[in-house]
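Listed below, chain by chain, are the residues.
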Amino acid sequence: MTIKIKYNAPVVLSFSLIALLVLILSSVTDAGLTSLLFCVYRAPLTDPLFYVRLFTHVLGHGSWAHYFSNIMYILLLGPMLEEKYGSRPLLFGILLTAFVTAVAHLLLNGSAALLGASGVVFMMILLASFASFRHGTIPLTFLLIAGIYIGNEIITGIFTTDNISQLSHIIGGACGAFLGVFLNRGKKR
């Protein structure tokens, strides 16, 4: 019997490996690469890298702990989502979440830099709650997850001062809810 290792979730695995490579290269360049390409912050609209960073900031992480805390959830939830919805829709969800969290951050808190995949994590958490979606119903798991995760982020955002972007978590969760409805529209079980 031959056992093969399968690259079973290409979007999730590629995302995780690219983010790992970015973190390693950032360590070598004293975070210079991260500042240049993998975090979003206010910059002149004439800077072509500004537009790249709107999408690539989700690949940058400030530390190994930051990377592992995000990638653990992505590797846990992502393969299931990629199998259920497909690689292209999941990639679209990641790109949508990156763009929307970047724009919201720039509009509401552009004085600080934003990096990391936590918005993507929250998108996946909320999207996963739609796994048992049936047409004409709202999954109770969605309501509970939205209440617990997003409610916690709102409370934490109001009462805590830290360097964690609760706004990205909330926006990522909203993207996941949108994708859950959009990807499951018209499906009956």
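Residues numbered from 1 in each chain as written. Predicted model: local features only at pLDDT ≥ 70, side-chain atom pairs only at ≥ 80, totals over all residues. Heavy atoms only, no water.

> I would appreciate a short explanation of helix α5 (residues 87-109) in the present structure.
For an α-helix the count is 3.6 residues per turn, leaving residues at separations of three or four pointing the same way. Its 23 residues give α5 an end-to-end C-alpha distance of 32 Å, which sits within 8% of 33 Å, the value for a rise of 1.5 Å per residue. Buried positions along α5 lie against α1 (10-28), α3 (48-56), α4 (64-85), α6 (118-128) and α8 (166-184). (Helix = DSSP H or I, 4+ residues; strand = E, 2+ residues; numbered from the N terminus. Expected span 1.5 Å × (residues − 1). Contact = heavy atoms within 4.5 Å.)

> Whenever I open this one, the nonpolar core confuses me. Can you help?
Generally speaking, soluble globular proteins have nonpolar side chains that are buried together. Ile 74, Met 123 and Met 124 are the most contacted members of the largest nonpolar core, which has 40 residues in total. Beyond its immediate chain neighbours, meaning those up to four positions away, Met 123 contacts Leu 90, Gly 93, Ile 94, Thr 97, Gly 172, Gly 173, Cys 175, Gly 176 and Leu 179. Within the second largest apolar cluster, 7 residues are counted, among which are Val 40, Ala 43, Ala 102 and Leu 114. (Core = buried A, V, L, I, M, F, W, Y, C linked by side-chain atoms within 4.5 Å. Buried < 20%, exposed > 50% of the residue type's maximum accessible area, 1.4 Å probe, protein only.)

> What is the right way to read empty space enclosed by the protein from this model?
Any empty space left between atoms is shown by rolling a water-sized probe over those atoms. If you walk through the whole model with that rule in mind, you get 1 cavity of 30 Å³ or more. Each pocket or cavity is described by its volume, and for the largest cavity that value is around 40 Å³. Around the largest cavity sit His 57, Val 58, Thr 101, Leu 114, Leu 115, Gly 116, Ser 118, Gly 119, Val 120 and Ser 168, which together line it. Tallying contributions element by element places α6 first for the lining of the largest cavity, with 3 residues. Looking at the lining of the largest cavity residue by residue, the classes come out as 4 nonpolar, 6 polar and no charged. (1 Å grid on protein atoms, 1.4 Å probe; cavity = no way out; pocket = protein on both sides within 12 Å on 5 of 7 lines; lining within 4 Å. Points joined across faces, edges and corners; volume = space filled by probe spheres on them. Nonpolar A, V, L, I, M, F, W, Y, C, P; charged D, E, K, R; others polar.)

> I keep staring at a nonpolar patch on the surface and nothing clicks. Help me out?
A grouping of Met 72, Tyr 73, Leu 76, Ile 138, Leu 140, Leu 143, Leu 144, Ile 148 and Tyr 149 is seen on the molecular surface, where their side chains present a nonpolar patch of about 940 Å² in accessible area. Where the nonpolar patch is concerned, the elements lending two or more residues are α4 and α7 (140-159). Sort the elements by how many residues they give to the nonpolar patch and α7 lands first, with 5 residues. Structurally, the position occupied by Leu 144 is in helix α7. Taking the relative accessible area as the measure of exposure, Leu 144 reaches 48% and is therefore partly exposed. (Patch = residues over 30% accessible without salt bridge, like charges linked within 9 Å, V, L, I, M, F, W, Y side chains within 5 Å. Areas by Shrake-Rupley, 256 points an atom, 1.4 Å probe, with all protein chains shown as cover. Salt bridge = Lys/Arg side-chain N within 4 Å of Asp/Glu carboxyl O.)

> What am I meant to see in the packing of aromatic side chains here?
For the structure shown, the criterion picks out 6 aromatic pairs. Ring centres 5.1 Å apart and planes at 85° place the aromatic pair Phe 50 and Tyr 51 in the edge-to-face group. The class of Phe 50 is buried, set by a relative accessible area of 8%. Take Tyr 51: its relative accessible area is 40%, and that puts it in the partly exposed class. (Phe/Tyr/Trp six-rings, centres within 6.5 Å; stacked < 30°, edge-to-face > 60°.)

> Please explain the packing of α1 against α5 as it appears in this structure.
Geometry of a packed helix pair, given as the angle between the helix axes and the separation of the axes. Where α1 contacts α5, the axes come no closer than 9 Å and their chain directions differ by 40°. If you check the angle between α1 and α5, you find them oblique. Along its contact with α1, which presents Pro 10, Val 11, Val 12 and Phe 15, the element α5 presents Ser 87, Leu 90, Leu 91 and Ile 94. When grouped by side-chain class, the residues that make up the contact of α1 with α5 number 7 nonpolar, 1 polar and no charged. (Axes fitted to C-alpha atoms, helices over the stretch in contact; angles between N-to-C directions. Parallel < 35°, antiparallel > 145°, perpendicular 65-115°, else oblique.)

> Would you mind going over the layout of surface pockets with me for this structure?
There is about 180 Å³ of room inside the second largest pocket. Forming the walls of the second largest pocket are Val 11, Ser 14, Phe 15, Ile 18, Phe 55, Thr 56, Val 58, Leu 59, Leu 91, Ile 94 and Leu 95. Looking at the lining of the second largest pocket, the elements with two or more residues in it are α1, α3 and α5. By residue number, the principal contributor to the lining of the second largest pocket is α1, which donates 4 residues. A class-by-class count of the residues in the lining of the second largest pocket yields 9 nonpolar, 2 polar and no charged.

The values reported here are purely geometric and, on their own, carry no functional implication.
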